[in-house]
Amino acid sequence: MLNSLNKFFADFADEFKLNFIDGGRWKWLLDGIVATLEITAVALIIGIVIGIIIAGVRSSFDKTKDDVKAKDPFLYALFSIANFICKLYLTVIRGTPVVVQLLICYFVIFTKIYDGLPVAMIAFGLNSGAYVAEIFRSGIMSIDAGQFEAGRSLGFNYIQTMRYVIVPQMFKVVLPTLCNEFIVLIKETSIAGYVGIMDLAKAGDLIRGRTFSAFMPLLAVAVIYLVFVVILTWLVGKLERRLRGNER
Amino acid sequence: MNDNALISVKDLCVYYKNGTIKALNGITTDIKKNEVVTVIGPSGSGKSTFLRSLNLMEKPTSGIIEFDGVNILDPKTNINLHRRKMGMVFQHFNLFPNMTVLQNLTLAPIKLLKKSKEEANAKALELLTKVGLADRASAYPMQLSGGQKQRIAIVRALCNEPEVMLFDEPTSALDPEMVGEVLSVMKDLAKGGMTMVVVTHEMGFAKEVSDRVLFVDNGKITEEGAPCDIFEHPKNQRTVDFLSKVL
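The rules behind the values
Residues numbered from 1 in each chain as written. Chains lettered and ligands numbered in written order. Predicted model: local features only at pLDDT ≥ 70, side-chain atom pairs only at ≥ 80, totals over all residues. Heavy atoms only, no water. Contact = heavy atoms within 4.5 Å. Buried area = accessible area lost by both parts, 1.4 Å probe. Salt bridge = Lys/Arg side-chain N within 4 Å of Asp/Glu carboxyl O. Polar contact = N/O pair within 3.5 Å; in protein donor to acceptor, adjacent residues only side chain to side chain. Helix = DSSP H or I, 4+ residues; strand = E, 2+ residues; numbered from the N terminus. Nonpolar A, V, L, I, M, F, W, Y, C, P; charged D, E, K, R; others polar. Pairing = 2+ DSSP bridges. Axes fitted to C-alpha atoms, helices over the stretch in contact; angles between N-to-C directions. Expected span 1.5 Å × (residues − 1). Buried < 20%, exposed > 50% of the residue type's maximum accessible area, 1.4 Å probe, protein only. Arc of directions from axis to C-beta. Right-handed = clockwise from strand over helix to strand, strands pointing away. Core = buried A, V, L, I, M, F, W, Y, C linked by side-chain atoms within 4.5 Å.

Asks: Explain the interface of chain B and chain A to me, using residue names and the numbers behind them.
Replies: Each side of the interface is counted separately: chain B has 26 residues, and chain A has 23 residues. Of the roughly 2,200 Å² buried between chain B and chain A, counting both surfaces, carbon and sulfur atoms make up 57%. Its largest share of buried area at the contact with chain A, chain B owes to Phe96, Asn98 and Met142 of chain B, together 22% of the area lost on that side. For the pair chain B and chain A, the number of links is 1 salt bridge. Where chain B packs against chain A, one counts 5 residue pairs in polar contact (both at pLDDT 80 or more). Mapped by element, the contributors of at least two residues to the side of chain B that touches chain A are α2 (79–84), β6 (86–89) and α3 (101–111) of chain B. Among the residues forming the side of chain B that touches chain A, the class breakdown is 14 nonpolar, 6 polar and 6 charged.

Asks: Kindly report on the sheet that holds β6 of chain B, identifying the contributing residues and their values.
Replies: All names here are of chain B. Reading across from one edge, β6-β7-β8-β3-β9-β10 is the order of the 6 strands in this open sheet, with mixed pairing throughout. Among the strands making up the open sheet, the edge pair consists of β6 and β10 (220–225). Direction aside, the axes of adjacent strands within the sheet are offset by 20 degrees on average. As defined by bridge partners, β6 adjoins strand β7 (residues 164–168) across 4 bridges and the pair is classed as parallel. Considered in β7, the bridge of Met86 is made with Val164. In this fold helix α1 (residues 47–54) packs onto β3 (36–40), β6, β7, β8 (195–199) and β9 (212–217), with an angle of close to 150 degrees to the strand it touches most, β7. Contacting β3, β9 and β10, helix α9 (residues 237–246) crosses the sheet at an angle of about 100 degrees to β9.

Asks: Describe the environment of Asn157 of chain A, listing the residues and the values that go with them.
Replies: Relative to the assigned elements, Asn157 of chain A resides in the loop between α6 (145–153) and α7 (158–188). In contact with Asn157 of chain A, not counting residues within four places along its chain, are Arg152 of chain A together with Asn80 of chain B. Here the side chain of Asn157 of chain A touches Ile159 of chain A through a polar contact of 3.1 Å, landing on its backbone nitrogen.

Asks: How would you summarise helix α6 (residues 176–191) of chain B if you had to cite specific residues and measurements?
Replies: Along an α-helix, a turn takes 3.6 residues, which lines up residues three or four apart on a common side. All names here are of chain B. Under the 1.5 Å per step criterion, the end-to-end length of α6 is 23 Å for 16 residues, consistent within 8% with the ideal 22 Å. Taken together, the buried positions of α6 are Met178, Val179, Val182, Leu183, Val185, Met186, Leu189 and Ala190. The buried residues of α6 all sit within an arc of 155 degrees when viewed along its axis, so they share a single face. Looking at α6, the residues exposed on the side facing more than 90 degrees away from the buried face are Glu177 and Lys191. Of the residues trailing α6, Gly193 is marked for its positive phi of about 95 degrees.

Asks: Run through the pairing of β8 of chain B, naming residues and quoting values.
Replies: Residue and element names in this part refer to chain B. Of all 5 residues in β8, 5 are buried; the element is thus mostly enclosed. Of the two faces of β8, both are covered, the one formed by Thr195, Val197 and Val199 as well as the one formed by Met196 and Val198. Relative to β8, β3 runs parallel, the two being bridged by 4 bridges. Opposite Val39, over in β8, you have Val199 as the bridge partner. Pairing of β7 with β8, which is carried by 5 bridges, proceeds in the parallel orientation. When the sheet's bridge partners are listed, Met165 is paired in β8 with Met196. Taking the sense of rotation as the criterion, the β-α-β connection linking β7, α6 and β8 turns out right-handed.

Asks: Report on the nonpolar core, specifying residues and quantitative values.
Replies: Counting residues in hydrophobic clusters, the biggest one holds 54 residues, and the most contacted among them are Ile7, Phe50, Leu54, Val164, Leu166 and Val197 of chain B. With 9 residues, α7 of chain A is the largest single contributor of residues to this core. With sequence-adjacent residues up to four places away left out, Val197 of chain B is seen in contact with Ile31, Val37, Val39, Leu51, Leu54, Val164, Met165, Leu166 and Phe167 of chain B. Core analysis: the next-biggest nonpolar cluster, separate from the first, contains 38 residues, Leu158, Phe167, Leu183 and Met194 of chain B among them.

Structure (structure tokens):
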């Protein structure tokens, strides 16, 4: 019994050494982590920018279309087209798998860029933008209509009311959901290997290819993703409690 | 049209669903400066719609609303400038929950009237003192009682230095105990010469404070006059029925 336990630990140590120490293969994982975080961070920023624009167009179209229609038919036409484009974008992005979008970006759209990293940042950013837009829009819609009326009754115009009254409250509502989108995004970037990026998942896979042992590198990759997600979830929980706290 | 009318309403109609629902069906009245007008009537009669039309919270279908001699229904009129001069108080207060009382009060003066923070704060505190809530300046709306919230909401509208105050059932969402404190603030305002239009179910307030009472039914003013006439000698049968139920 003791013998077999000893053997297990000895094997484990050997496996560990083979997969991570020999040939400095731990550096691959480290590079993979860096790539994964880089893609996630840039994609998130792109996603938030796109999300704000789309949510802004969609919710202000819904709220002000009648007024705009009465005042300026040309502006209304432009507005309708913008709204249609946003809707189309949401449908296409949310209706197709992200891996297909990534491949299309790399092999069809950005054919002149051979480095997969910036392409992946853009592809994941475009993808996450669609989801972030809907998060923002639902946040705007969740704010009581009375808040909007209160802003307008004080003499703020539509944009000022959005900026000073609605958006600060909306942001508070959506922050936890937005952070969840961030968590989802981290895991989604694990397909970046499709366009030749050595992200975390690909690094584990490369080690497996080199050492012919699957257990250790894939487990390590899974554990690293899990640790990231657990830390982020904990931070989101903390943030949520704090946001709730200061109004009571 | 009266020369000293601050708000002049002529043949105001608000229709919904292509005219199948007539919320307001031809309202004509003048509101003079310093006048306190209360609007009473059964629920669904259009009294709130009338009030909300005055600052275009509700889009009228047709008619004329002149405020300070300007037709605010003209698409060329900048309604935002006029809304600053028309303070509005809502049934559900609509304070901004993410801001302190002081921030609620100074948002519009700082951003719209371009006052300095010090100036806006001083004015806000002065008005807060008048309604007895100076000690709650740094509280959040959630920490206040309904009556306190509504008094803050009144002060928020006053901080814009409006020429007229519109009240949309300001005490309907309050616990009975708290109605008094809000009404007393409104009475002080009326005494101070503020022009007020008040939609209310508080008949005592209408009787005591208002200069004129409008009885609205089915989107029309069916009877109007001094409170003593309306309450003591109503002429219209609908008014008689309504008052017999609420008084």
